[in-house]
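# Fold and geometry: a report
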Amino acid sequence: MTTWEIDMADSGAGQPRGAALRPDVALQEAFEGSYRKLVVQLYGVIGDFAEAEDVVQEAFVRAAAAGRRFARADNREAWLRTVAINLYRSRWRKLRNFGRIRERLAVDPVDAPDLEDRVDVIAALRRLPDRQREVVALHHLADLAVDEIAEALGVPEGTVKSRLKRGRDALAADLSGEELDHV
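Notes on the structure in this doc start here.

Parameters at a glance
- Residues numbered from 1 in each chain as written.
- Predicted model: local features only at pLDDT ≥ 70, side-chain atom pairs only at ≥ 80, totals over all residues.
- Heavy atoms only, no water.
- Helix = DSSP H or I, 4+ residues; strand = E, 2+ residues; numbered from the N terminus.
- Buried < 20%, exposed > 50% of the residue type's maximum accessible area, 1.4 Å probe, protein only.
- Contact = heavy atoms within 4.5 Å.
- Axes fitted to C-alpha atoms, helices over the stretch in contact; angles between N-to-C directions.
- Parallel < 35°, antiparallel > 145°, perpendicular 65-115°, else oblique.
- Left-handed = near helix turned anticlockwise from the far one by under 90°.
- Nonpolar A, V, L, I, M, F, W, Y, C, P; charged D, E, K, R; others polar.
- Patch = residues over 30% accessible without salt bridge, like charges linked within 9 Å, V, L, I, M, F, W, Y side chains within 5 Å.
- Areas by Shrake-Rupley, 256 points an atom, 1.4 Å probe, with all protein chains shown as cover.
- Salt bridge = Lys/Arg side-chain N within 4 Å of Asp/Glu carboxyl O.
- Lys, Arg positive; Asp, Glu negative; His and termini not counted.
- Charge placed at Lys NZ, Arg CZ, Asp CG, Glu CD.
- Phe/Tyr/Trp six-rings, centres within 6.5 Å; stacked < 30°, edge-to-face > 60°.
- Expected span 1.5 Å × (residues − 1).

Glancing now at the overall build of the protein. Secondary structure assignment for the protein yields nine helices and zero strands. Along the protein, helices and strands appear, N-terminal first, in the series α-α-α-α-α-α-α-α-α. When the 183 residues of the protein are sorted by exposure, 26% land in the buried category. When contacts within the protein are restricted to residue pairs at least 6 apart in sequence, those whose partners lie at least 24 apart make up 57%.

A pair of packed helices is captured by two measures, namely the crossing angle of their axes and the spacing between those axes. Between helix H2 (residues 23–46) and helix H5 (residues 76–105), whose axes approach to 9 Å, the crossing angle comes to 45 degrees. In terms of axis orientation, H2 runs oblique to H5. In this structure, H2 crosses over H5, and the sense of that crossing is right-handed. For the pair formed by H2 and H5, the contact residues are Ala26, Glu29, Ala30, Gly33, Ser34, Lys37, Leu38, Gln41, Leu42 and Ile46 on the first element and Arg76, Glu77, Leu80, Arg81, Ala84, Ile85 and Tyr88 on the second.

Before going further, it helps to examine the packing of helix H3 (residues 49–66) against H5. Between H3 and H5, the shortest axis-to-axis distance is 8 Å and the interhelical angle comes to 120 degrees. Taken together, the axes of H3 and H5 are oblique relative to one another. Crossing hand, H3 versus H5: right-handed. Taking contact as the criterion, the partners of Glu51, Asp54, Val55, Val56, Glu58, Ala59, Phe60, Arg62, Ala63 and Ala66 in H3 are, on H5, Trp79, Leu80, Val83, Ala84, Leu87, Tyr88 and Arg91. Here the residues of the contact of H3 with H5 sort into twelve nonpolar, no polar and five charged.

Together, Asp147, Glu148, Glu151 and Glu157 make up a region of like negative charge exposed at the surface. Among the elements that take part in the negative patch, helix H8 (residues 146–153) stands out by supplying three residues, more than any other. By the element assignment, Glu151 lies in helix H8. The exposure class of Glu151 is exposed, given its relative accessible area of 68%.

Moving on, we come to the packing of aromatic side chains. Between two aromatic rings, the relevant description is the distance of the centres plus the angle of the planes. Considering all chains together, one arrives at five aromatic pairs under this definition. Between Phe31 and Phe60, the ring centres sit 5.3 Å apart and the planes meet at 75 degrees, which makes this aromatic pair edge-to-face. In this pair, Phe31 sits in helix H2 while Phe60 sits in helix H3, placing the two residues 29 residues apart along the sequence. Judged by relative accessible area, Phe60 falls into the buried class, the value being 8%. Considering the side-chain rings of Phe70 and Trp79, the 5.0 Å spacing of their centres and the 65 degrees angle between planes classify their relative orientation as edge-to-face.

Our next topic: H5. Helix length check: H5, at 30 residues, gives a terminal C-alpha distance of 43 Å against a target of 44 Å (1.5 Å per residue), a fit within 8%. All of the buried residues in H5 are Glu77, Trp79, Leu80, Val83, Ala84, Leu87, Tyr88 and Gly99. Of the surrounding secondary structure, the elements contacted by the buried residues of H5 are H2, H3 and helix H4 (68–71).

Turning next to helix H9 (residues 157–176). The end-to-end C-alpha separation of H9 is 28 Å, in line with the 28 Å expected for 20 residues at 1.5 Å each. Restricting attention to buried positions, one finds in H9 the residues Val160, Arg163, Leu164, Gly167, Ala170, Leu171 and Ala173. Buried positions along H9 lie against helix H6 (119–127), helix H7 (130–140) and H8. Residue Gly177 follows H9 closely and has a positive phi angle near 90 degrees.

Given below as structure tokens:
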């Protein structure tokens, strides 16, 4: 065999042109040969099987998006493992940072309104037609003036007043157990 023939054999010349680098073939082979191993490896790193599956699956999604770059990788399993570990680290950092922010912004329970006493009001609000619920919530919960609500919703002030009146009447009737004829 000549040097040229050896080079051709090593380059996959017997296969259809580009078959060795076809991203779909490389991805399929990597999935079949590495998916379970990677999940077990990441489970060992993370300690949560579902999270390990999630990051490995996301690594395969990234490999599919990388296309030929992934197909050309010398060690596709190592490529996938690195991506999965980086995804886990990124998720962990985001959760840690979110936890820190949440702690700083947490409202003391004594400062929060007693929502248990307002469950009936929230339920009654949900029963209002959408447009009435919007203006009632914006006016009474967000403390917006009629003109501010009109601007936010892109409707005339008279429309806001009308919806606010009808919404208040419907809420009063609902909370008192009465029925309104004109809503």
